[in-house]
Amino acid sequence: MALWVLITVAMVIFIGLSLSDDLKVGSYTLSKARFPETLLVQSELKDTLDMKDNLETFPDSLLISQPEIIEPDTTVHKLLVFGDSMTHHLAMSISKYGTKNQYKVLGVTWESSSIPGWSNSGKVKQYIEMWNPDFIIVSLGSNEMELKHFDRRIPDVKKIVEEMGKVPFVWAGPPLWKKDKGVYAMLEEALPPGVLFRAEGIEIPRGPDKVHPTKHGADIWADTLMRWISHSRHPILAEKPDSGTTTRGHKFIYLHPND
C-alpha cells in the first residue's frame, strides 16, 4: 500500500513539474519535461491523418501550395502576337484589350506556318526588331496536331523562346478541334513553367472548315486567354473591353505560305 502511495505522489510531482515553468534550485535549473508537447504533436498528427482519410474535410491549404500573387505589369505599351493561321482573328480580338488597357498590338499571321518554320526563318527576330514589344503572345501548335514524333519539335520551341530573349511572353496553345495526341505534352516539356495557356475544353464557334475560329469564336478564345494571363508567370493588364471596342490604331500583317 505504501508503495502505491509513493508511486502516485511521484507521478503527481512529475506531471506538475512538466506543466510548470523551469524550476531553479540554487545554481541548478530543473527543466520541465517535454512530454505534453509530444502528446499534443502526436494528437495533432493523428487529427491530420484522420483528415487526410476524409479529403472532403481536409483544408485545401494543406493539400496545395498557394501561388504568389504578382501584380500586373503596367509598363506594357507594345504587344506582339505572332503565329499560324489561327492567329489573325485572335490578334484582332486581343487588340480590343489593347485599346481598353492602353497598349498597341501588332499581329503577324503566317498562313500554314509551323513551329520549325518560325524557328528557322528569322521572322521572330525580324518582328521583334520591327515592333520592339514589351510583351509577346505566341500562337503556334495547330499545324503540329498530327505529328507522330512530337519530341522533334522541342528544340524548335526552345529556339523560338531563345530568340524572344528577355521579352516576357506566353504561349497560346492551339484551340483543339480534335483529340490532342501529344502537342500539349510537348509544349509543357519545352516551355518554362507558367507560360503555356491550354485552350482545352473551350466552346469555340468555328468557320466552314470546322477548324478555324470565327470572329466570335476568337473573341471567346481571347477572353479566356486574357483572364488566364492575370494568373500566368507574366501577368499584364487585361481588363475586358466593352462590346463596342474597335481595333483602331493597331497593326496586322498577313503572310502567305511562301512569304
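Residues numbered from 1 in each chain as written. Predicted model: local features only at pLDDT ≥ 70, side-chain atom pairs only at ≥ 80, totals over all residues. Heavy atoms only, no water.

A.B. asks: Mind showing me how you'd approach helix H4 (residues 87-101) here?
C.D. replies: Along an α-helix, residues three or four apart share an orientation, since each turn contains 3.6 residues. An ideal rise of 1.5 Å per residue puts 21 Å on 15 residues; H4 measures up with 20 Å between its terminal C-alpha atoms. For H4, the full list of buried residues reads Thr-87, Leu-90, Ala-91, Ser-93, Ile-94, Ser-95, Tyr-97, Gly-98 and Asn-101. Summarising the contacts, the buried residues of H4 are in contact with strand S3 (78-83), strand S4 (104-110), strand S5 (135-139), helix H9 (215-229) and strand S8 (251-255). The first or second residue beyond H4 is Gln-102, which carries a positive phi of 70°. (Helix = DSSP H or I, 4+ residues; strand = E, 2+ residues; numbered from the N terminus. Expected span 1.5 Å × (residues − 1). Buried < 20%, exposed > 50% of the residue type's maximum accessible area, 1.4 Å probe, protein only. Contact = heavy atoms within 4.5 Å.)

A.B. asks: Sorry if this is basic, but what is going on with the packing of aromatic side chains here?
C.D. replies: The geometry of an aromatic ring pair comes down to the distance between the two centres and the angle between the two planes. One pass over the structure, following the stated rule, counts 3 aromatic pairs. With 4.7 Å between their ring centres and 35° between their planes, Phe-82 and Trp-118 make a pair best called tilted. With Phe-82 in strand S3 and Trp-118 in helix H5 (residues 115-121), the pair connects residues that are 36 residues apart, well separated along the chain. Summarising the burial analysis for this pair, Phe-82 and Trp-118 share the class buried. When the ring of Trp-110 is compared with that of Trp-118, the centres are 5.5 Å apart and the planes differ by 80°; the resulting orientation is edge-to-face. On the basis of relative accessible area, Trp-110 is assigned to the buried category, the value being 9%. We classify Trp-118 as buried; its relative accessible area is 0%. Every member of this aromatic cluster is reached through a ring pair, and the members are Phe-82, Trp-110 and Trp-118. Positioned above the aromatic ring of Trp-131 is the side chain of Lys-78, whose terminal nitrogen or guanidinium carbon lies 4.6 Å from the ring centre. A cation over a ring is seen here: Lys-123 above Trp-110, with NZ or CZ 4.3 Å from the ring centre. (Phe/Tyr/Trp six-rings, centres within 6.5 Å; stacked < 30°, edge-to-face > 60°. Lys NZ or Arg CZ within 6 Å of the ring centre and 35° of its normal.)

A.B. asks: Honestly, the side chain of Lys-123 in this entry has me stumped. Any pointers?
C.D. replies: By the secondary structure assignment, Lys-123 is in helix H6 (residues 123-131). Buried and unpaired, Lys-123 has no salt bridge, with Asp-259 as the nearest side chain of opposite charge at 7.5 Å. When near neighbours in sequence (up to four residues on either side) are disregarded, Lys-123 contacts Trp-110, Trp-118, Leu-255 and Asp-259. (Lys, Arg positive; Asp, Glu negative; His and termini not counted. Salt bridge = Lys/Arg side-chain N within 4 Å of Asp/Glu carboxyl O.)

A.B. asks: Is there a simple way to think about the sheet that holds S4 in this case?
C.D. replies: Note on sheets: strands pair through backbone hydrogen bonds, and any given pair is parallel or antiparallel. The parallel open sheet is built from 6 strands, whose spatial order is S7-S6-S5-S3-S4-S8. Where the open sheet ends on each side, the last strands, each with one partner, are strand S7 (196-197) and S8. As defined by bridge partners, S3 adjoins S5 across 5 bridges and the pair is classed as parallel. By the bridge assignment, Gly-83 is partnered in S5 with Ser-139. (Pairing = 2+ DSSP bridges.)

A.B. asks: Can you walk me through the confidence of the model for the protein chain in this structure?
C.D. replies: The predicted structure's coordinates, where accompanied by low pLDDT, should not be read in detail. Averaged over every residue, the pLDDT of the protein chain is 81; residues scoring 70 or more account for 73%. The model gives residues 21-67 a pLDDT under 50, and that stretch makes 28 contacts with residues more than four places away or in other chains. (pLDDT = per-residue confidence, 0-100.)

A.B. asks: Just checking my understanding: could you explain the pattern of salt bridges for this structure?
C.D. replies: Pairing is possible between side chains of opposite charge, provided their charged atoms come close. In total, this model carries 9 salt bridges according to the counting rule given. In this structure, Lys-178 and Glu-146 form a salt bridge, with 2.8 Å as the shortest nitrogen-oxygen distance. With Lys-178 in the loop between strand S6 (169-172) and helix H8 (183-190) and Glu-146 in the loop between S5 and helix H7 (154-164), this residue pair connects regions lying 32 residues apart in the sequence. Using a relative accessible area of 36% as the deciding quantity, one classes Lys-178 as partly exposed. Here Glu-146 and Lys-181 are joined by a salt bridge, their closest N and O atoms 3.1 Å apart. Of the two residues, Glu-146 is situated in the loop between S5 and H7 and Lys-181 in the loop between S6 and H8; the sequence distance between them amounts to 35 residues. With relative accessibility at 55%, the residue Lys-181 sits in the exposed group. Salt bridges sharing common partners tie together Lys-100, Glu-239 and Asp-242.

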